[in-house]
Amino acid sequence: MKNVVIISAHPDDEVLGAGGTILRHKSKGDNIFWIIATSIYEKDGFSKERIAQRQSEINEVAEKLGIHKTYQLGYPTMSLSSQLLIELVPDISEIFTKVEPNIIYTVNRSDAHSDHRVLFEGVAACTKSFRYPFIEQVLMYECISETEFAPALPEKAFIPNCFVDISDFIEEKMKIMEIYQSEISDHPFPRSLSNIRALAHFRGASNGFQYAEAFQMIKYLIK
């Protein structure tokens, strides 16, 4: 049994990038923890109804994914910056110290959204082996509408080198994604259900699976 942490800048990142993989962990009886970095607030223009709806979505998704505990850090959405790392790193460190994750799934370092990029830096700071000896694997996931819209520069490339067969979980992943009604729309919107399925189909076909999720492994310790 492994302790697994899935990290989102915003709710829906986790399903888009690793929903099938998390369901696979659930099926194996692993302990799954979810860190959500940002939240929405009335002061930022969100209605009480939308805030309540978002919390309801989070609760329902957590139940469907088999999350043991959800940690909401509460930073305002679209607010993460390098100046906040002095707060973000201790927040993440405290959770890692409590949970002692063996496997960490985090947002991609070069996604188009600045919240994703800053969050990655905060997570990376909390993966030093001498401080967190329980960590065995750290993987970045791709997030539709963010990863593929990063600048087309070599240093910004998402280079998948780990692929997880989610063929048995694709239908459940799609149903869970539908919980985030405000985040999906019809094709050719990037976060259309057809595009989510197409990416999983492509990643699977590239690796001998029906459907797969792709990750870039950045740490893999064999103990």
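Scroll up a little and you will see the structure.
Just so it is clear, the structure is predicted and the values come from calculations on it, not from any experiment. (Residues numbered from 1 in each chain as written. Predicted model: local features only at pLDDT ≥ 70, side-chain atom pairs only at ≥ 80, totals over all residues. Heavy atoms only, no water.)

## A look at the overall build of the protein chain
Looking only at helices and strands, the protein chain features six helices and seven strands. What you see in the protein chain, going N to C, is helices and strands ordered as β-α-β-α-β-α-β-α-β-β-α-α-β. The C-alpha atoms of the protein chain give 16 Å as radius of gyration, which agrees with the globular expectation for 223 residues (17 Å, within 12%). Its C-alpha atoms give the protein chain principal-axis dimensions of roughly 50 × 40 × 40 Å. Taken over 223 residues, the protein chain has a buried fraction of 52%. The long-range share in the protein chain, meaning contacts at least 24 apart out of those at least 6 apart in sequence, stands at 80%. When the accessible surface of the protein chain is totalled, it reaches about 10400 Å², and 52% of it is carbon and sulfur. With 23 positive and 30 negative side-chain charges, the protein chain shows a spacing of 5 Å between the two charge centroids. (Helix = DSSP H or I, 4+ residues; strand = E, 2+ residues; numbered from the N terminus. Rg over C-alpha atoms; globule rule 2.2 N^0.38 Å. Buried < 20%, exposed > 50% of the residue type's maximum accessible area, 1.4 Å probe, protein only. Contact = heavy atoms within 4.5 Å. Areas by Shrake-Rupley, 256 points an atom, 1.4 Å probe, with all protein chains shown as cover. Lys, Arg positive; Asp, Glu negative; His and termini not counted. Charge placed at Lys NZ, Arg CZ, Asp CG, Glu CD.)

## Looking at the environment of Q137
Locating Q137 in the fold gives a position in strand 5 (residues 137-141). Its relative accessible area of 17% is what places Q137 among the buried residues. Placed 33 residues apart in sequence, Q137 and I104 show a C-alpha to C-alpha distance of 6.2 Å. Those residues in contact with Q137 that sit more than four places away from it in its chain are N102, I103, I104, M217, K219 and Y220.

## A few points about the packing of aromatic side chains
A full pass over the atoms with the stated rule returns three aromatic pairs. Centroid distance F96 to Y132: 6.4 Å. Interplanar angle 90°. Geometry classified as edge-to-face. Taken together, the residues F96 in helix 3 (residues 85-99) and Y132 in the loop between helix 4 (114-124) and strand 5 connect sequence positions 36 residues apart. There is no split in this pair, since F96 and Y132 are both buried. Among the aromatic residues, those joined into a cluster by ring pairs are F96, Y132 and F134. (Phe/Tyr/Trp six-rings, centres within 6.5 Å; stacked < 30°, edge-to-face > 60°.)

## Quick notes on the sheet that holds strand 6 (residues 162-165)
Reading across from one edge, 3-2-1-4-5-7-6 is the order of the seven strands in this open sheet, with mixed pairing throughout. Strands at the two margins of the open sheet, each flanked by one partner only, are strand 3 (67-76) and strand 6. Within the sheet, the average angular offset between the axes of one strand and its neighbour, ignoring direction, is 25°. Relative to strand 4 (residues 103-107), strand 1 (residues 3-8) is paired through three bridges, and the arrangement is parallel. Bridge pairing in strand 4 places V4 opposite I103. (Pairing = 2+ DSSP bridges. Axes fitted to C-alpha atoms, helices over the stretch in contact; angles between N-to-C directions.)

## Some words on helix 5 (residues 170-177)
Taken together, the buried positions of helix 5 are I170, K173, M174, I176 and M177. Buried residues in helix 5, looked at end-on, bunch into an arc of 165°, giving them a common side. In this structure, the buried residues of helix 5 make contact with helix 1 (13-27), helix 2 (48-65), helix 6 (193-205) and strand 7 (212-220). (Arc of directions from axis to C-beta.)

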